[in-house]
Amino acid sequence: MGIIKLCGMAGLIITGWLVGFKKSADLRFRVQRLKKLYEETEELLHRLQYEGLERDRLLLSSFSDFCLVWNGKILFNESGLTAEDAVILKEMIQKLGTGNLETEEKRLLYVLERLRQQESAAQKIAVTNGKIYQTLGTCAGIMICIFLL
Amino acid sequence: MKEDALDAVLPFVHQSIGRVFLFLPEETKREVCELRLRRNLPVCLTLPQGIRYLFKDGTIDDRPREGVLICTAEQLEETFFLLCKRSVYAHAEELREGYLSLPNGCRAGVCGRVAPDGMVRDITSLNLRIARAVEGCADSVVSAEDGGGILIAGPPSSGKTTVLRDTVRQLSKNKRVVVIDSRGEISGGTERPLSLGVNTDVLLIRNKAKGTEMALRTMFPQTIALDETGTAEELKGVEESFHAGVQIVTTAHIGEKRELLERKITRHLLASGAISTVALLSGKIGEPPEIFSPEEL
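Residue numbers run consecutively from 1 along every chain, following the written order of its sequence. Key to labels: chains lettered from A, ligands numbered from 1, both in the order written. Predicted model: local features are reported for residues with pLDDT of at least 70 only, side-chain atom pairs are reported and counted for 80 or more only, and whole-chain, interface and lining totals are derived from all residues. Hydrogen atoms and water are omitted, and side-chain values are computed over all heavy atoms in the structure.

Peer 1: I would appreciate a short explanation of the overall build of chain B in the present structure.
Peer 2: A count of helical and extended segments in chain B gives 11 helices and 16 strands. Both definitions apply: the radius of gyration is a C-alpha atom measure, and the globule rule equals 2.2 Å times residues to the power 0.38. Here chain B has a C-alpha radius of gyration of 20 Å; the compact-globule value for 297 residues is 19 Å, and the two agree. Along the longest, intermediate and shortest principal axes, the C-alpha atoms of chain B span 60 × 40 × 40 Å. Sequence separation of at least 24 residues holds for 59% of the intrachain contacts in chain B that already meet a minimum separation of 6. Only the protein chains shown count as cover for residues, and all accessible areas are computed by the Shrake-Rupley method using a 1.4 Å probe. Looking at chain B as shown, the accessible area adds up to about 13800 Å², and 50% of this sits on carbon and sulfur atoms. Distance between charge centres in chain B, computed from 38 positive and 42 negative side chains, equals 3 Å. Elements are defined by DSSP. Helices are runs of H or I of four residues or more, strands are runs of E of two residues or more, and each kind is numbered from the N terminus. Residue contacts are counted whenever heavy atoms from the two residues lie within 4.5 Å of one another. Under this rule, positive means Lys or Arg and negative means Asp or Glu; His and the chain ends count for nothing. Charge coordinates come from a single atom per side chain, which is NZ of Lys, CZ of Arg, CG of Asp or CD of Glu.

Below, the structure written as structure tokens:
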């Protein structure tokens, strides 16, 4: 009976830790996705400058992780991004192709700047809040064990 | 059913306007030469009979009245972006010259405010020209040719490019022809090319004079065809080709026959000896071109 109780307690603590770990992994995943978004936007800018491809071909060749062009419509992949990040992504793609090269360059450089800020903020959050979530998860597991005892 | 050239253009038109064409009789659709969209004004079609207004129920009339289809500013803007394939930056050079290339050799003329960078902005009108390949329309031109150059002259929208296209198609049965196509109007571009014969090479290049030079050096043509010889540089290219023993087939904007000698470029072109046959188009449907030699002028 004691062993079962011990295993149950350990299970609760591990579950708490896992919940915290999952939450902190989500934060790290967001950083990775923003990094990828930054890289693909940079590639998009370079292709726009040097290849001058039309919008759909440009998106297919350098932006495949975040959107898909299907029958002239754009389907977005927002996984790992917050609503705020998704707004930047959508605004960028919806405005892409409406101006001349100079305007497009300026607009993309501004988007890159915003993405860089988002990424550094996300990085800070991932470091500080990640640890908090893991600790909180473990503590919550311990608390539940104590409460049940 | 064979797709008409108009059907190739309609996907680029705002869907609420394009939808009305579903109700238009097939016969009328086949006759449409131009589709004109103007901001907050009725949608116009240019037919051989003249200008016709398009109505919401798919009917047409020669004067606008209640029920006429109006092109709103939003519809015009959306059509413009569709014509640019939502990539204005990729069509900047074309827009600086006031047009956009479309599949099948069709072309959209663009009007609006010309910005300091030369681009057309705040679009107010779009004119979608429908290009059609009419096989056999150059029979009289080809039967009159004697191996020398051919000048196809006529007023705007008289079918100069259509006759040029068919001339190329027929000449290519026996000769190596290179087409210098600055706007994709002769060949129909790369996406949906029009038939130019089995022995024709197409060089899509904005600078026709440079294109002529490139074709002479690399493709060893027997005939070079180009649309609208209009600048001194292009004239020089034509003369060089003539002196290299290459037959030239070209077109020129001419209102009347006498203007062939009044206009500087055509006068020089005829005097250079590069042209031995002139085909003058009247612009009237079904009327064969008037064929004569420069000496007869």
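Peer 1: Help me out: how do you make sense of unusual backbone geometry in this one?
Peer 2: Glycine aside, residues mostly have negative phi angles, and peptide bonds mostly take the trans form. Residues and elements named next belong to chain B. Positive phi is not limited to glycine here, since Lys-85 has a value of about 55 degrees. Within the secondary structure, Lys-85 sits in the loop between α4 (73-83) and α5 (92-96). Although it is not a glycine, Asn-104 adopts a positive phi angle of roughly 65 degrees. Take Asn-104: it is sitting in the loop between β7 (99-101) and β8 (107-114). Under the relative-accessibility criterion, Asn-104 is labelled buried at 14%. Only protein chains enter the accessibility calculation, which uses a 1.4 Å probe; a residue whose area is less than 20% of its type maximum is buried, one above 50% is exposed, and one in between is partly exposed.

Peer 1: Any chance you could explain the sheet that holds strand β10 (residues 149-154) of chain B here in plain terms?
Peer 2: The pairing of strands in a sheet comes from backbone hydrogen bonds and takes either a parallel or an antiparallel form. Residue and element names in this part refer to chain B. The mixed open sheet is built from 7 strands, whose spatial order is β12-β11-β13-β14-β10-β15-β16. Both outer strands of the open sheet, β12 (200-204) and β16 (290-292), are each paired with one neighbouring strand and no more. Sheet twist, expressed as the average angle between the axes of neighbouring strands with direction ignored, equals 20 degrees. Across 5 bridges, the pairing between β10 and strand β14 (residues 247-253) is parallel. By the bridge assignment for β14, Gly-154 is matched with His-253. Between the N-to-C directions of two axes lies an angle of 0 to 180 degrees, each axis being a line fitted to C-alpha atoms and, for a helix, fitted only over the stretch in contact. Of the strands in this sheet, β10, β14 and β15 (275-280) touch helix α11 (residues 264-271), which is tilted by about 140 degrees from β15. Strands pair, by our definition, only if DSSP identifies at least two bridges between them.

Peer 1: What is the right way to read the interface of chain B and chain A from this model?
Peer 2: How big an interface is tends to be stated in terms of accessible area lost as the parts join. On the side of chain A, 13 residues touch chain B, which itself brings 11 residues to the contact. Summed over both partners, buried area is the accessible surface (1.4 Å probe) that two parts give up on being assembled. Across the interface of chain B and chain A, roughly 920 Å² is buried in total on both sides, 54% from carbon and sulfur atoms. Note on definitions: salt bridges are taken to be side-chain nitrogens of Lys or Arg within 4 Å of carboxyl oxygens of Asp or Glu. At the boundary of chain B with chain A, the tally comes to 1 salt bridge. Measuring nitrogen to oxygen at the nearest pair gives 3.9 Å for the salt bridge that ties Glu-54 of chain A to Lys-85 of chain B. The definition of a polar contact used here is a pair of N or O atoms within 3.5 Å, where within protein one atom must be able to donate a hydrogen and the other to accept one, and adjacent residues in sequence count solely through side-chain atom pairs. Here chain B and chain A share 6 residue pairs in polar contact (both at pLDDT 80 or more) between them. In terms of residue class, the side of chain B that touches chain A is built from 5 nonpolar, 2 polar and 4 charged. The nonpolar class holds Ala, Val, Leu, Ile, Met, Phe, Trp, Tyr, Cys and Pro. Asp, Glu, Lys and Arg form the charged class, and all remaining residues, Gly among them, are polar.

Peer 1: Please explain the side chain of Glu-185 of chain B as it appears in this structure.
Peer 2: Residue and element names in this part refer to chain B. Take Glu-185: it is sitting in the loop between β11 (177-181) and β12. With relative accessibility at 9%, the residue Glu-185 sits in the buried group. Setting aside anything within four residues of it in sequence, one finds Glu-185 in contact with Gly-105, Arg-107, Thr-161, Arg-165, Leu-194 and Asp-227.

Peer 1: So what exactly am I meant to see when it comes to the packing of aromatic side chains here?
Peer 2: Residue and element names in this part refer to chain A. Put simply, two rings from Phe, Tyr or Trp (the six-membered ring, in Trp's case) pair if the centres are within 6.5 Å, and we call them stacked under 30 degrees between planes, edge-to-face over 60, tilted for the rest. On inspection of all chains with the given rule, the structure shows 3 aromatic pairs over all chains. Centroid distance Trp-17 to Phe-21: 5.2 Å. Interplanar angle 25 degrees. Geometry classified as stacked. Taken as a pair, Trp-17 and Phe-21 lie in helix α1 (residues 2-50) at a separation of 4 residues, close to a single helical turn. With relative accessibility at 33%, the residue Phe-21 sits in the partly exposed group.

Peer 1: I'm lost on the sheet that holds strand β4 (residues 50-54) of chain B in this one. Help?
Peer 2: Residues and elements named next belong to chain B. The strand order across the open sheet formed by 7 strands is β5-β4-β3-β1-β9-β8-β7, and the pairing between neighbours is antiparallel. The outermost strands of the open sheet, each flanked by one partner alone, are β5 (60-61) and β7. One ladder, built from 5 bridges, connects strand β1 (residues 34-38) with strand β9 (residues 120-129); its direction is antiparallel. Within the sheet, the bridge partner assigned to Leu-37 lies in β9 and is Leu-126. Sheet strands touched by α4: β1, β7, β8 and β9. Its angle to β9, the strand with the most contacts, is close to 75 degrees.

It is worth stressing that arrangement in space is one thing and function is another; only the former is reported here.
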